[in-house]
Amino acid sequence: MNHEHLCVSLVPLFNHLDITDQQRIHALVKHRVIEKGEQIFTPAGTAQLVIVAHGNMKIYQLSSNGKEQVLRVVEPGGYEGENQLFGVRNEVLFGEALETTEVCILRQQDFSELLLSYPQLSLKLLEINAQKMLKVEKQTQFLMMEKVEERLATYLLDLAKAAHTNKFVLPMKMKELAYFLGTTPETLSRKFKLLEQQQLIKRERRNVTLLDTTGLEEL
């Protein structure tokens, strides 16, 4: 599989199609390399699906006072904008590269034409959207947890589960993670130290090792 074909094959929306069909979709995809800190999309932009092939994309919205609220970090194989493929306008979301990031972009117009040939993509998109909504609900549950250390512990346990190992790298910087967990970077830093003092975790910058998962679950 060539390097450029990676995008379409990474995405659950397309990777169930046979290779000839994937190649046809690939021909419609635009490849871009975005530098760290550059915006990948904004509310004023074109309706499109953005697939991350390499790097990380931060998705955020601005509060009424202009403060960033990080909603999620999209890693390789992830994507954003599937609602726009069905004509829902992006009113509030921004996407920004957290490092040098390679993305593949499929415009809504091209996708509409694809649906005529592959009506099954509509069903797949609905299924994927339902899974994404569950993740949004999960973040809402985080924010309802009273104690920041409980939110942090749950988040770290989820990362370990997704990585299938108790050693992993945090996908966000402290500032972004603090916003994601609904706290300040200073408070988050204190809570990390607290978990380290209790010998529940070990941390070196963004490298984290969970030492006592049972202890974290009981917080």
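Definitions and limits used
Residues numbered from 1 in each chain as written. Predicted model: local features only at pLDDT ≥ 70, side-chain atom pairs only at ≥ 80, totals over all residues. Heavy atoms only, no water. Core = buried A, V, L, I, M, F, W, Y, C linked by side-chain atoms within 4.5 Å. Buried < 20%, exposed > 50% of the residue type's maximum accessible area, 1.4 Å probe, protein only. Contact = heavy atoms within 4.5 Å. Helix = DSSP H or I, 4+ residues; strand = E, 2+ residues; numbered from the N terminus. Arc of directions from axis to C-beta. Pairing = 2+ DSSP bridges. Axes fitted to C-alpha atoms, helices over the stretch in contact; angles between N-to-C directions. Parallel < 35°, antiparallel > 145°, perpendicular 65-115°, else oblique.

## Let's talk about the nonpolar core
Judged by nonpolar contacts, the single largest core of 26 residues is most densely connected at Y155, L156, L170, L177 and L210. If near-sequence neighbours (up to four positions away) are discounted, L170 is found in contact with Y155, L156, L159, L177, F192, R206 and V208.

## As for helix α2 (residues 19–26)
Along α2, the residues that are buried comprise D21, Q22, I25 and H26. For α2, the angular spread of buried residues about the axis comes to 145 degrees, placing them on one side.

## Some words on the pairing of strand β4 (residues 57–62)
Two elements, β4 and strand β5 (residues 68–74), share six bridges in a ladder whose sense is antiparallel. Counterpart to Q61 in the pairing with β5 is Q69. In textbook terms, the turn of a hairpin is the stretch between consecutive antiparallel strands, and for β4 and β5 this stretch comprises five residues, one of which, G66, has a positive phi near 85 degrees. Across four bridges, the pairing between β4 and strand β7 (residues 94–97) is antiparallel.

## Observations regarding the sheet that holds strand β10 (residues 201–204)
Across the sheet, which stays open at both edges, the three strands sit in the order β9-β11-β10 with antiparallel pairing between neighbours. Each of the sheet's edge strands pairs with one partner strand only, and the pair in question is β9 (167–169) and β10. Across the sheet, the mean angle separating the axes of adjacent strands is 20 degrees when strand polarity is ignored.

## Here's the deal with the packing of helix α6 (residues 148–163) against helix α8 (residues 185–197)
One way to put it is that α6 packs onto α8 with a least axis distance of 10 Å and a crossing angle of 70 degrees. Our classification of the angle between α6 and α8 gives roughly perpendicular. Contacts between α6 and α8 pair V148, E149, L152 and L156 from the former with T187, L188, K191, F192, L194 and L195 from the latter.

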